[in-house]
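Examining the three-dimensional arrangement
So you can see what is in the structure, the chains are spelled out below.
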Amino acid sequence: MNYSARLAITAVIVGTAVLLVAWRYSSYIANPWTRDGQVGADLVLVAPRVTGPAIEVAVDDNQFVEAGDLLFRIDPRTYQVALNAAQANFERTLDDFESLSRQIDASEASVEQFRALIPSAESQVRAAAATLTEAERNLDRMAILLERGDIAQARFDTQLRDFNVNQAAKEQADIELLNAKSALTQAEATLAQARANRGKPEPNNARLNQAAAEVDAARLNLEFTEVRAPVDGYVTNVDLRIGEQLTAYAPEFALIDTSTYWVDASFRETFLADINPGDQAVVTLMSYPGTPIEGVVDSINWGIAPSDGTTGAGLLPNVRTTFEWIRLAQRVPVKIKLRNVPEDVRLVVGTTASVLVRRDGETGSLIPVPRFLQ
């Protein structure tokens, strides 16, 4: 075979190889891509909700835990005492409530009793008034007859005595009516005071509800001495020791939520027009260069911090010197949700990733980012 034939065959082989490589990696030429990506996940800062010394640490650093697993326990004795005191206060408040309720029942009975006496007393007053009026008329007639000499003085004196008796009876009836009304008023005041002391009936009684709420709060604080995992994930930066004094709401370590992995990919602004939420993405981790991971564009950041214009000395703006013939595209974060992560891939928050976004929602086989692009 002469030199020209060999050269032609070599050229065909090289050209075919170049075309195959170009075809295989055409997506990374025609579609938006970046190697400025980092794995992220939701971080739950694990903090106790009560203060006290740790008496048990149930996890080791970087251990996987499931939601509900015990992480650590705080000495519960102080909170058990507080719960006992709250329960005793609730029982005492309940006894007071029931005692005051019985007082109210008794006061209501007294009110009804005195209220029932008033009609009888009023009837007696009307009867005494009628009898007195009749006696007064008779006395007036007797006075006229006595003046004319038609009756004896003794008969007039008898009528006068009857009048005085009836007048006294009327005054006594008035006093009894007044006493009945006064007793009713006193009974109503006692009833009002008993109701005020007790408050509203159940279930709207403020004192009873307050005591019950204190029991609930004490019981919650006792439960909070056991700190459990809120989600599945890995605990990290665990440096907790038995006997260490823990402070409420002060984070002790972090828990990485393994159900929330994503990649923050910083694309040049020139690519943004070709990226939309819902587009398919291909993620290649630097730690697993041959294992592409399926992803989808979740969202695009709506703003980035300016690189100049900040306040400097003398409250004047800092303006960065630029060259008009060199224009660097800004990087804008794009959040990529991961799908179908292979079981042998360990996702580590903060590690590097390369990302390709297939434009217009195109689908296809997953091809890892070429090594020289990673």
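Residues numbered from 1 in each chain as written. Predicted model: local features only at pLDDT ≥ 70, side-chain atom pairs only at ≥ 80, totals over all residues. Heavy atoms only, no water.

**Structural notes on the environment of Ala265**
Spelled out, the test is: By the criteria applied, helices consist of DSSP H or I runs no shorter than four residues and strands consist of E runs no shorter than two, each listed in order from the N terminus. For each residue, the accessible area found with a 1.4 Å probe, counting protein chains only, is set against the maximum for its type, and the residue is called buried under 20%, exposed over 50%, and partly exposed in between. Residues count as neighbours in contact if any of their non-hydrogen atoms are within 4.5 Å of one another.
With respect to the helices and strands, Ala265 occurs in strand β10 (residues 262–268). A relative accessible area of 0% places Ala265 in the buried class. Counting along the chain gives 88 residues from Ala265 to Ala353, while the straight-line C-alpha distance between them is 7.9 Å. If we skip the residues at most four places from it in the chain, Ala265 touches Thr34, Asp36, Gly37, Val332, Pro333, Val334, Ile336 and Val355.

**Section: helix α5 (residues 206–223)**
The following threshold applies: The length a helix should cover is 1.5 Å for every residue beyond the first. Read the arc as the range of directions from the helix axis to the C-beta atoms. Here a polar contact is taken to be a pair of N or O atoms separated by no more than 3.5 Å, where protein atoms must pair a possible hydrogen donor with a possible acceptor and residues adjacent in sequence count only if both atoms sit in side chains.
Its 18 residues give α5 an end-to-end C-alpha distance of 25 Å, which sits within 8% of 26 Å, the value for a rise of 1.5 Å per residue. Listed as buried for α5 are Leu208, Ala211, Val215, Ala218 and Leu222. Seen end-on, α5 carries its buried residues on one side only, within an arc spanning 90°. Summarising the contacts, the buried residues of α5 are in contact with α3 (77–148) and β6 (226–228). A distance of 3.3 Å separates the backbone nitrogen of Arg207 from a side-chain oxygen at the start of α5, and that oxygen is part of Asn205.

**A closer look at the sheet that holds strand β9 (residues 253–257)**
Definition in use: Here, a strand pair is defined by DSSP locating no fewer than two bridges between the strands.
Judged by pairing direction, the sheet is antiparallel, and its 4 strands sit side by side in the order β2-β9-β7-β4 without closing on themselves. Unpaired on one side and paired on the other, β2 (43–46) and β4 (64–65) mark the two borders of the sheet. Where β4 and strand β7 (residues 233–236) come together, 2 bridges link them in antiparallel fashion. By the bridge assignment for β7, Val65 is matched with Gly233.

**So, the pattern of salt bridges**
How we decide: We count a salt bridge whenever a side-chain nitrogen from Lys or Arg sits within 4 Å of a carboxyl oxygen from Asp or Glu.
Here the structure, examined in full by the defined rule, presents 12 salt bridges. Measuring nitrogen to oxygen at the nearest pair gives 2.7 Å for the salt bridge that ties Asp75 to Arg77. What makes Asp75 buried here is its relative accessible area of 13%. Here Arg137 and Glu134 are joined by a salt bridge, their closest N and O atoms 3.4 Å apart. Highlighted residues: Arg137 and Glu134, both in helix α3, separated by 3 residues, approximately one helical turn. Taking relative accessible area as the criterion, Arg137 reaches 46% and is therefore assigned partly exposed. By relative accessible area, Glu134 is classed as partly exposed at 37%. Each of Glu56, Arg73, Glu226 and Arg228 takes part in one network of salt bridges that share partners.

**So, the confidence of the model for the protein**
Just so we agree on the cut-off: What pLDDT reports is the predictor's confidence in each residue, on a scale of 0 through 100.
Of all residues in the protein, 84% have pLDDT values of 70 or greater, and the mean over the chain is 86. Least confident of the elements in the protein is helix α2 (residues 27–30), whose mean pLDDT is 62; most confident is strand β5 (residues 70–74), at 98.

**Concerning the packing of α3 against helix α4 (residues 153–198)**
The line we're drawing: Where helices are involved, their axes are fitted lines through C-alpha atoms of the stretch in contact, as for all axes, and angles between N-to-C directions lie from 0 to 180°. Should an angle lie under 35 degrees it is considered roughly parallel, over 145 roughly antiparallel, and from 65 to 115 roughly perpendicular; all remaining angles are considered oblique. Note: crossing handedness is left-handed where the near helix turns anticlockwise from the far helix by less than a right angle, and right-handed where it turns clockwise. Only Asp, Glu, Lys and Arg are considered charged in this grouping, and only Ala, Val, Leu, Ile, Met, Phe, Trp, Tyr, Cys and Pro are considered nonpolar; every other residue, Gly among them, is considered polar.
The interhelical angle for the contact between α3 and α4, taken along N-to-C directions, is 165°, at an axis separation of 6 Å. Considering their axes alone, α3 and α4 lie roughly antiparallel with respect to each other. Seen along the crossing, α3 lies across α4 with a hand that is left-handed. The class makeup of the residues in the contact of α3 with α4 is 28 nonpolar, 13 polar and 12 charged.

**Overview of the sheet that holds strand β14 (residues 352–357)**
The 6 strands lie next to each other as β1-β10-β13-β12-β11-β14, forming a closed barrel whose pairing is antiparallel. Adjacent strand axes in the sheet meet at a mean angle of 40°, parallel and antiparallel pairs treated alike. Across 7 bridges, the pairing between β10 and strand β13 (residues 331–339) is antiparallel. Bridge pairing in β13 links Ala265 to Val334.

**Looking at unusual backbone geometry**
Between Glu202 and Pro203 the backbone carries a cis peptide bond, its omega angle lying at 5°. Among the structural elements, Pro203 can be located in the loop between α4 and α5. Not every positive phi belongs to a glycine, and Asn62 is a case in point at roughly 70°. Examined against the element boundaries, Asn62 turns out to sit in the loop between β3 (52–57) and β4. Its identity as a non-glycine residue notwithstanding, Asn237 has a phi of 65°, on the positive side. Tracing the chain through its elements places Asn237 in the loop between β7 and β8 (245–246).

**Overview of the pairing of β5**
Here β5 lies mainly inside the structure; 5 of its 5 residues are buried. In this sheet, β6 lies alongside β5 in antiparallel orientation, the contact comprising 3 bridges. Across the sheet, residue Arg73 finds its bridge partner in β6, namely Glu226.

**Description of the nonpolar core**
For soluble globular proteins, the rule of thumb is that nonpolar side chains tend to be buried together. Stated formally: In this text, buried Ala, Val, Leu, Ile, Met, Phe, Trp, Tyr and Cys residues form a nonpolar core when linked through side-chain atoms within 4.5 Å.
Counting residues in each nonpolar core, the largest one holds 23 residues, and the members touching the most others are Val263, Phe267, Val283, Leu285, Ile336, Leu347 and Val355. Secondary structure elements with two or more residues in this core: β10, β11 (280–285), β12 (288–300), β13 and β14. Formed by 22 residues, the second largest nonpolar core is a distinct cluster that contains Val59, Ile74, Leu83 and Val238.

**Regarding α4**
Taking 1.5 Å of rise per residue, 46 residues should cover 68 Å, and α4 covers 67 Å from first to last C-alpha, within 8% of that figure. Positive backbone phi, approximately 90°, marks Gly199, located one or two places after α4.

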